[in-house]
Structures are given as C-alpha cells and as structure tokens.
Amino acid sequence: MHTREIRALHDRDSITVYQAYTPEIGRPAVQHGTFVPPFSRTRMTWIKPSFLWLMARSNWARKPGQEAVLAVRITRAGWEEALAQAVPTDPDRRVFRDSEEWRRRFAQALVHVQWDPERSIGGGKLEARSIQIGLSRHIVDRYVDDWILGIEDRTPLARKIHGLLQAGRRAQAKALLPKERPYPLPPALARNIGAD
C-alpha cells in the first residue's frame, strides 16, 4: 500500500464514502436516499472512503453524535469533481511552490483534502494515510442533489464487527469489512491532492 493512496469500495460508476451522524439525521437520510433536514447544508461536511478510519473516529458508532454510520454511494464523476477542486489542509511541497501559494488557494477552496493515518481493525494508527474530503457549504448542494446515488445504514454492521472484536473473533470481524481497493486516479488529480 502506498502512503497516500485512495482505497475505497467502488465500481465502474460509483464510490462509497462514509459519514457518522446522530440518528435524527441518519434515519431520514436512509429513508430518502439523500440528506434532508435536519442535515445542514450551511456547514462543511466531511466524507471518507475508509470504513476503518470512520470506525476509529466514531468509536464503532458509540461516540455521542456519531451513532448512525452511513454508507453514501456517490458518482465517480462527483467524487472526481470534488478532488479537482480540493486544496490540501497543509502546504504540501508536492502540490504548492511555497506557503504563500498554499495560503492563497486554501482561502478560496470549496473543497478541503486531508490525509490522516489509516487505522487497523484494532484502531491503531498505520503508516499509510487515509483521505477525507471536506465539502464546503458552497458545494454541498452538488453532493446532496447531484452526486448521491443512495444511502445505506451501516450501524448494524459496525456493531456486529465491534462485537466480534470484543469477543476475540478477529478473523470473523475482518471478513465482514467492506472490500476496499485502490481507486485509480488520473495523474492530474493525484498531483492536485498530493496522492502517491
């Protein structure tokens, strides 16, 4: 695995990203197949293709405010549109000439990209990095209205895997994980987000 490589559940037309919300936001989103109020379109929303990263972040859907784990299937065209507009959250020398160029571009960015340590099934930090994309209020309408193909509740899966881990049945837990594999990025997009 490369240090900065997008790994995701994807097919020819779509990629699955994960988000965790309160049940008050999660349940209506699953019912409607997209986000509806009380989901807010006026703040940044973060999407992540790594299931295990979100499990570490949400403590297996047990963290207050993150009890509903959602698998959001979006179009690859939408995902790549977001990446094309993304600016890394740090002044990566592979992407920017200097800090000034980064500061200028970041101040105007509609989309943020951040590379965080990927997680093992036990929650430990790995050397590989996992991408998360922050969609600002200026582009979140595109996400909600145009890119989303469907939303599924992955809370029962999160709880089942966590239960197996608690029982010491790691191999069974691992077998239930989504089958994430490298996502092929056009070279220009990879350069734009500082991917390997």
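Structure: above.
Since the model is a prediction, treat every value here as computed from it, not as a measurement.

### Concerning helix 1 (residues 23-32)
- Here helix 1 has its buried residues at Ile25, Gly26, Pro28 and Ala29.
- Check the buried side of helix 1 and you find it contacts strand 2 (14-21), strand 4 (68-75) and strand 8 (148-153).
- Gly33 lies just past helix 1 and shows a positive phi near 75°.

### Notes on helix 6 (residues 155-166)
- With 12 residues, helix 6 extends 16 Å from end C-alpha to end C-alpha; this agrees with the ideal 16 Å at 1.5 Å per step.
- Among all positions of helix 6, only Thr155, Ala158, Ile161, His162, Leu164 and Leu165 are buried.
- Against helix 2 (51-58), strand 4, strand 8 and helix 7 (170-175) lie the buried residues of helix 6.
- At the exit of helix 6 stands Gly168, carrying a positive phi of roughly 80°.

### A closer look at the pattern of salt bridges
- Enumeration according to the criterion identifies 10 salt bridges in this entry.
- In this structure, Glu100 and Arg103 form a salt bridge, with 3.6 Å as the shortest nitrogen-oxygen distance. Separated by three residues within a single helix, Glu100 and Arg103 lie in helix 4 (residues 99-107), roughly one turn from each other.
- For Glu100, a relative accessible area of 46% gives the class partly exposed.
- Between Arg105 and Glu101 there is a salt bridge, with the nearest N and O atoms lying 4.0 Å from each other. You can see Arg105 and its partner Glu101 sitting in helix 4, four residues apart, about one turn around the helix.
- One network of salt bridges, in which partners are shared, links Arg41, Asp141 and Asp145.

### Regarding the sheet that holds strand 6 (residues 111-119)
- Taking strand neighbours across the sheet as the criterion, the four strands line up as 3-7-6-5 in an open arrangement whose pairing is mixed. Where the open sheet ends on each side, the last strands, each with one partner, are strand 3 (45-47) and strand 5 (86-88). Taking each pair of neighbouring strands and ignoring which way they run, the sheet shows an average axis angle of 40°.
- Sheet contacts for helix 4: strand 5 and strand 6; angle to strand 5, the most-contacted strand, approximately 140°.

### Details of the packing of aromatic side chains
- Scanning the entire structure with this criterion turns up seven aromatic pairs.
- Arranged with centres 5.4 Å apart and planes meeting at 70°, the rings of Tyr18 and Phe51 form a pair that is edge-to-face. Here Phe51 lies in helix 2 and Tyr18 lies in strand 2, a separation of 33 residues in the sequence. Both residues of the pair, Tyr18 and Phe51, count as buried.
- Their ring planes at 70° and their centres at 6.4 Å tell us that Tyr143 and Trp147 sit as a pair that is edge-to-face. One end of the pair, Tyr143, and the other, Trp147, are both in helix 5 (residues 140-147), four residues apart, so they sit about a helical turn from each other.
- Accessibility expressed as a relative area gives 0% for Tyr143, which makes it buried.
- Take Trp147: its relative accessible area is 2%, and that puts it in the buried class.

### Quick look at the environment of Arg41
- With respect to the helices, strands and loops of the structure, Arg41 is situated in the loop between helix 1 and strand 3.
- On the accessibility criterion, Arg41 (31% relative accessible area) is partly exposed.
- Between the C-alpha atom of Arg41 and that of Val144, which follows or precedes it by 103 residues, the distance is 8.6 Å.
- Excluding its chain neighbours within four sequence positions, the residues that come into contact with Arg41 are Phe35, Arg137, Val140, Asp141, Val144 and Asp145.
- Separated by 2.9 Å, the side chains of Arg41 and Asp141 make a polar contact.
- A distance of 2.8 Å separates polar atoms of two side chains, one belonging to Arg41 and the other to Asp145.

Conventions and cut-offs
Residues numbered from 1 in each chain as written. Predicted model: local features only at pLDDT ≥ 70, side-chain atom pairs only at ≥ 80, totals over all residues. Heavy atoms only, no water. Buried < 20%, exposed > 50% of the residue type's maximum accessible area, 1.4 Å probe, protein only. Helix = DSSP H or I, 4+ residues; strand = E, 2+ residues; numbered from the N terminus. Contact = heavy atoms within 4.5 Å. Expected span 1.5 Å × (residues − 1). Salt bridge = Lys/Arg side-chain N within 4 Å of Asp/Glu carboxyl O. Pairing = 2+ DSSP bridges. Axes fitted to C-alpha atoms, helices over the stretch in contact; angles between N-to-C directions. Phe/Tyr/Trp six-rings, centres within 6.5 Å; stacked < 30°, edge-to-face > 60°. Polar contact = N/O pair within 3.5 Å; in protein donor to acceptor, adjacent residues only side chain to side chain.

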